[in-house]
Amino acid sequence: MKRPGAKTASYWRTKEEVEAEYGAWYEEPRFDPESDEYDAVAYEAFVKEIVAKAGLEQPELGLGWRDLTVQVDVASGPPVETVGTQALGVWKVVYQSLVGLVRWRRATQLSPEDRYHTILSKVSGYARPGEMVLVLAPPGGGASTLLKLLAMRHQGFANTSGQVLYNGEEVSKEHEVAFKHVLRVIGQDDDHFPQLTVRDTLSYAAEFKVPDFYPYASVLRRHRVLLAARTLGISNTLNTPVGDSILRGVSGGEKKRVTVGEMAVAGVAGSLVLLDNWSRGLDSATTLDITKAIRGFSQRSRAVVVSSMQQPPEEVFDQFDKLCVLDAGRCLYFGPTQEAANYFASLGFTRPPTRSIPELITTVSDPNFQESLITPGCESTAPRTVGDFVDAFSRSSYNKDIQSALDEGVKGERPKKLSPDLDRKVHRTALQSPFRQFKILFSRSVRLVVAQPVTFVVTVLANVVFGLALGSIFFNVDETEAGAFSRGGLLFLGMLFLAFGELGTLPGKFGERTVFAKQSSGAGFYNVFPFVLSASLVDALTVLIKATCYSCSIYFLAGLNLGNFGERFAFYILVVFCLSLFVSTYARALSTLSNKDLANALGGVGLIVMVMFSGFLVPRESIPNFLIWLYWISPVQYAYSALLVNEFRGLNFFCSSEGLLPYNPAVPDALKVCPLSTGVAYIESSYQTRTDGLWRLWNVLVLLGFYLLCLVITIVRMAALKPQGYRYRAPINFIDPDERSCPRMAYDYHVSRTSTTSLPEGAMAVRMGSARHAAVKSSADVDEGSSSSSTSVKLSDPKAADDGTIGVSSGGHGAVLTFSKLCYTVESNGKPKQLLSNVMGYVEHGKMLALMGSSGAGKTTLLDVLAQRKTGGEITGDVLVNGVKAGPLSFARLSGYVEQSDLHVQEATVREALEFSAALRGGREVSDAEKRDRVEDALDKLQLRAVQDVLVLALSPSQLKKLTIGCELVGIGTDAILFLDEPTSGLDARDALSVITGLQLIAEDRVAIVCTVHQPSKELFASFDRLLLLSRGGKMVYMGDLNAAKGEPRSDVVCGKLMGYFEDHGAEPLTPGHNPADHMLTVIGAGTSGSTSIDWNQVWLDSDECKAVEARIAGTDGKPPLVPPELHGRVPEAGKRASSRRMQLRYNIMRMYRRYWRLPAYNFTRLATMLFLACLLGLALLQIVSFSNDGNTQEAASLLTGAAFLSILPGILSTNNAVSPSIATRAAFYRELAAGEYGVWAFYVAQGAAELPYAVLQSLFFLVPYNALVGLPWSAFPFFLLAAVLFYTFATMVGQAIAAVSPTEEIALTIAPLFNTLLNLLSGFLIRRDDIPSYWIWLFYANPYAYYNASVLRNLLPDMTFTCTNEERAVFLRPPEFSSCSAIPNSETYLDVELSGEPACSFCPITTGNAVLERFAVLDVNKWVCIAALCGFILLARIATALALKFTKHMTR
């Protein structure tokens, strides 16, 4: 076997030669990652040698960027899009297009200064091989934009300028593809397939990015997965699904590590690694471990690493070589990391002792924090605005260093030239060959189906159930005239159900897009063609299974034509398979659109048009010539024609006595005429189907052609997919960052209106800029060892806890939370798993308790248990509020829970969300004025006033988090408990400081705060009063005060009591200047590589501190009780919500109406869709009926029922379209319901009420043009409109009910077609009432579709008369007993004619509307009874929705 250090040959070996030379080196223990003797350094060196031997040596890169500038378009539309603004915009476009005022358009064109906004301005910097650069910037500061440009991603920007230099040169277009293979880009979004396990996610990444032409590719892939999982600390979750909000999987921090690991395994090495805010949600110990691993990789492989981070711990900060500080898109500093603090000190800023260097750097340019940072004496010289900082940096030596380095050229050692074969391979968009990509993608697509089979099983069962239902309805359909019509209806309905069922896969295909965008165009994992082809092939397999199951369920029950040896049955499966495959691919093509609601609407409309022009509802000869092209391009038409020929060819039909013409008992049956003979003749006359030659096969080939066309469109569209262009809109009350006069964030700082205390002098180091109050002066000259009570954000006297009193004013009552012996157990893989073990603690009003621990220690679990938000598992132990147990509603009224996920109604503004929460959670006893004060207070405390009129969906992550806190704050008011789950995760240092400051102001209002926190800085950590620390397994490590009281040991040290506890029990002392929070986690063995020899849980159980906490909770410690006698038992009344039913209903209806008005993608689109459908369907049936009731022919009589039936189609669309907006509010509904804001009934009543205006509007938009174009009498229109409004309302309510009962949107869109098609079938149009089997007739009488059809037809037909053209008159031999045709009874339309020389009579088959009603056996009830029935069905749908919302929960905790 080849050993390391062997002489390298002068030529590159092939893969086979290298593997033959080195043999099975991976079997050596030191090269085996699973061995205890594994040597990481030796392994990496050896792999590097092997790769270099194969000619694949990674290039060394020097990275430089000069004067990078980016501009984006300025949004010119209204700030809040509504149905009204959308309609106005469409009118404006139409008007300008029609009028064509060129000069006017030129006059209104914006200048470049107004059209574009600069988000990155003349930023320069560089990094030499092996260096790491940290980018610090506030949200919107330009960090992500800079990383995108360094990664050569320019999409979405209006203009870019400047240079990005790799080894001193710009990369040419021809080499850009190859160069992207040495980039590793890790974004801040965790986009993964939730059903795949962590191992699968990492393994597929390795399969794509470690190509087969690498030597030992399979070995390297396996090793990379194991090493990445070990380095990131996710080895124990390799077999766990990644998960999402529906599917339970790994934790948020673990999911972030999967995102990092996915790119870490993507190749053997990377010359340039770009990480965008990758540490969000990770604890500080894990972040430090991963950063150290990246640091080691960078040094060994000489790779450049550029990373943006928010709130980096100081130890992580020190790992980087260079620092780039951005604000408002401009560079404030670029230079060595270790010199940054001195640089800003030279500008006149002093770092407070408790503030870390990263926090100082990110806050110096913020006017809200500057006053406490400026060195005394430098008030006039210190820079205040972003422009001042940029000017100061441009004059510094650091800027000159950048320019000289870029002029000289930042270069690395160039690798040797690749062989021609390898050069060709690395210039591919994806490294693997297209066929290999296809195999991997096909394997992954199959695994996606198998990994979460619920959706697939539900769709298959739906097909089987519908097939059995349809087969039993048409059981052994006979070969009479009624059987002929029933066969055509059966074939049509089957197509309709399968087509709409496959359209229901659209949401799932939309979900694949985000992963595709990241892995394909972003990371070069694979090309578009193999992805679409493999996905389509898996779609074909699933569609084949569903089509086969459906066909087997229906074909034999219905007694359809088997042909010879069942070949007709096989052909039937082939046709329905091809149709379903086409619709599935059609849905995938629609998924390339930017908006899901638009795609849903277009998909439904497109499919309805195809169905409409399939030849069943409107025969070909009845379609106007100017619309006949829609018939020829309808794929459904070709499928239906193939099925008709397949079924009817070879059949001979006869007429029953009821089917003979004329319908006159005076004419003997022997002389009556049978209107049909053979199956071929029937479909030729009724549907104008082509039956000769190979038309059956030709129809299938055309159908496959449409499938291929959609496949090509999908490939082209997905290849052209680009990130959506960013449009800038200046925030309300926007203040330019270069303006000195006012703070940029316009934060009004003042004490709570309801607070009974004021801030103590010198209590805050974090100063908030104030338009109302001047900032309070902090005490000067505070050294590192001084007590944190004067430097951190302390709002209460640290002595308060020492004597048992509470550090708030005596006003009000407050709330005290105690918990003891708390255990929580869940079932995992059939076995009990304990997540919390004997946890205890307490928190009083006015105090802040931090819950901390490593990732997976149970912090969020404990918070859920304390907040009574767990919906599963077994909880034991006591959780008491003011000394007693509180029921769910009582607890909800005095507590708030800020979840890690910010769940809100996206279409509400910030102020509306706060007012909603204040009104419904404030309680009957809180006046309206006080509720308004709470809202104003929250807007000020949480810095939300500047965005109070902005929609939730447009907020930044920090603003969203503050809104979540605000909604809980205004709801609970004072004397309450506030739980928060990682409120600072995902925020930068300045926003994290402002959030914690806001929490302290909240605590001052007699609120007890319990908060989990990740990566707290020293200043943030010292802001808490107490700490509850957990180790893995939910075991306690510490519970108690952070700081020692005066007179106690270490009272002069930040977090002295906590540090003293660990030092007294054998831990290493805290290194001066380090963060106590990071040190604490390291001590207990947190992090990916952390370990400890001390059992800290046992140390805690044996400690005096543990006994002291137990005694404090029990009240046996000799101090005043935690719960004073006057507070004991004070909890809200059990079983009652805070607000009255009337108020719940009022505010829910107001919010839901506003939400629907702000959903133009849903409501405006469906109104436009109704108008389009009405025009199209109306034109297809243009003037089939005479307004004057004269000249209505037999064609009108046959098509009139079809016209009524077609008015059902908007109802089908309404059911499908109502699903998505209903599911969109589900998460917010669960949160608000758990918070006790309202009852289920208020939500569902409001949800239904919001749909009513749009049901009326869509009825008008559809019926007015439809009625006019078809020629229906206007005298019948008012009743027609009433019936349509009720029916469309019912259809929408059914959609909401289906959404409420379905766990996912895809399942809902599978159930909806099953429901609609079954009711449609039994409505009396597709199968006559007399032909419905007795065991199904109950569904005809309990069918809203039947009542709607009956109401419309009984409103239109009774007063109508019909005539015949000469071609429409039928002829029968005259009975010999009558001398003339007029002598026959009931012979008003009979005329004497001759038939083959014999006397005969010609007659008009249908003369009155009542004859049509009798022929179709329409429900024989009064039309007003039908209206009453539709109202009853609406009520039933609402009850079903209420029960589903009440008793089903699709998001478990």
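Computed from a predicted model, the values in this text were never measured in an experiment.

### Points about the packing of aromatic side chains
For any two aromatic rings, the description comes down to two numbers: the centre-to-centre distance and the angle of the planes. Tallied over the entire structure, the rule returns 76 aromatic pairs. An angle of 65 degrees between the planes, with centres 6.2 Å apart, marks the rings of Phe-1290 and Phe-1433 as edge-to-face. Of this pair, Phe-1290 sits in helix 48 (residues 1277–1301) while Phe-1433 is found in helix 53 (residues 1423–1447), placing the two residues 143 residues apart along the sequence. Accessibility expressed as a relative area gives 5% for Phe-1290, which makes it buried. Phe-1433 sits in the buried class, given a relative accessible area of 14%. In this structure an aromatic cluster arises from ring pairing among Tyr-22, Trp-25, Tyr-26, Phe-31, Tyr-38, Tyr-43, Phe-46 and Tyr-216. Above the plane of the ring of Phe-916 lies Arg-1151, whose end atom (NZ or CZ) is 3.9 Å from the centre. Lys-1423 extends its terminal NZ or CZ atom over the ring of Phe-1279, reaching a point 4.6 Å from the ring centre.

### A few points about helix 21 (residues 481–503)
Helix length check: helix 21 (23 residues) gives 34 Å between terminal C-alpha atoms against 33 Å at 1.5 Å per residue, within 8%. With 22 of its 23 residues buried, helix 21 lies for the most part within the structure.

### Side note on the confidence of the model for the chain
Overall, the predicted model of the chain reaches an average pLDDT of 82, with 89% of residues at or above 70. Counted against residues more than four places away or in other chains, residues 1–11, with its pLDDT under 50, gives 23 contacts. Segment residues 101–108: pLDDT under 50, and six contacts once partners within four positions in sequence are set aside and those in other chains are kept.

### Regarding the state of the cysteines
Enumeration over the complete set of coordinates arrives at three disulfides. A sulfur-sulfur distance of 2.0 Å marks the disulfide that ties Cys-1364 to Cys-1404. Taking the torsion about the S-S bond as the criterion, the Cys-1364 to Cys-1404 disulfide, at about 90 degrees, is right-handed. Of this pair, Cys-1364 sits in the loop between helix 51 (1344–1356) and strand 20 (1370–1373) while Cys-1404 sits in the loop between strand 22 (1398–1403) and helix 52 (1409–1415), placing them 40 residues apart in sequence. Here Cys-1364 falls in the buried class, since its relative accessible area comes to 18%. On the accessibility criterion, Cys-1404 (6% relative accessible area) is buried. Each sulfur of the disulfide joining Cys-1381 and Cys-1401 lies 1.9 Å from the other.

### Quick word on the sheet that holds strand 9 (residues 330–336)
Strand order across the open sheet formed by six strands is 5-6-7-3-8-9, with mixed pairing between neighbours. The open sheet is flanked by strand 5 (183–186) and strand 9, the only strands paired with a single partner. Averaged over all neighbouring strand pairs, the angle between strand axes comes to 10 degrees, with direction disregarded.

### Remarks on unusual backbone geometry
If you check the backbone angles, Asn-476 has positive phi at about 45 degrees while not being a glycine. At Gln-1183, a residue that is not glycine, the phi angle is positive and equals roughly 50 degrees. With respect to the helices and strands, Gln-1183 occurs in the loop between helix 42 (1163–1180) and helix 43 (1194–1206).

### What about the pattern of salt bridges?
Following the criterion strictly, the structure yields 49 salt bridges and no others. One salt bridge in this structure joins Arg-436 and Glu-207, with 2.8 Å as the shortest N-O distance. With a gap of 229 residues between them, Arg-436 in helix 19 (residues 434–451) and Glu-207 in helix 8 (residues 198–209) connect regions that are remote in the sequence. Judged by its relative accessible area of 23%, Glu-207 falls in the partly exposed class.

Rules used in this analysis
Here, residues in each chain are numbered from 1, in the same order as that chain's written sequence. Local features in this predicted model are restricted to residues whose pLDDT is 70 or higher, and side-chain atom pairs enter the listing and the counts only when it is 80 or higher, whereas totals over whole chains, interfaces and linings include all residues. In computing side-chain values, all of the structure's heavy atoms are included and hydrogens and water are not. Only Phe, Tyr and Trp rings take part, Trp by its six-membered ring, and two of them pair if their centres are within 6.5 Å. Stacked means planes under 30 degrees apart, edge-to-face means over 60, and tilted covers everything else. Strands here are runs of E lasting at least two residues and helices are runs of H or I lasting at least four, both read from the DSSP assignment and numbered beginning at the N terminus. Only protein chains enter the accessibility calculation, which uses a 1.4 Å probe; a residue is then buried when its area is under 20% of its type maximum, exposed when over 50%, and partly exposed in between. Whether a charge lies above a ring is judged from NZ of Lys or CZ of Arg, which has to be within 6 Å of the ring centre and within 35 degrees of the ring normal. Expected span, for any helix, means 1.5 Å times one less than how many residues it has. Confidence of the predictor at the level of single residues is given by pLDDT, which spans 0 to 100. Contacts between residues were defined by any pair of non-hydrogen atoms, one from each residue, lying within 4.5 Å. Disulfide: a pair of cysteine sulfur atoms within 2.5 Å of each other. For two strands to be treated as a pair, DSSP must find no fewer than two bridges joining them. Structural elements are reduced to axes, namely lines fitted to C-alpha atoms, with helices fitted over the stretch in contact, and the angle between N-to-C directions of any two is expressed from 0 to 180 degrees. For salt bridges, the criterion is a side-chain nitrogen of Lys or Arg within 4 Å of an Asp or Glu carboxyl oxygen.

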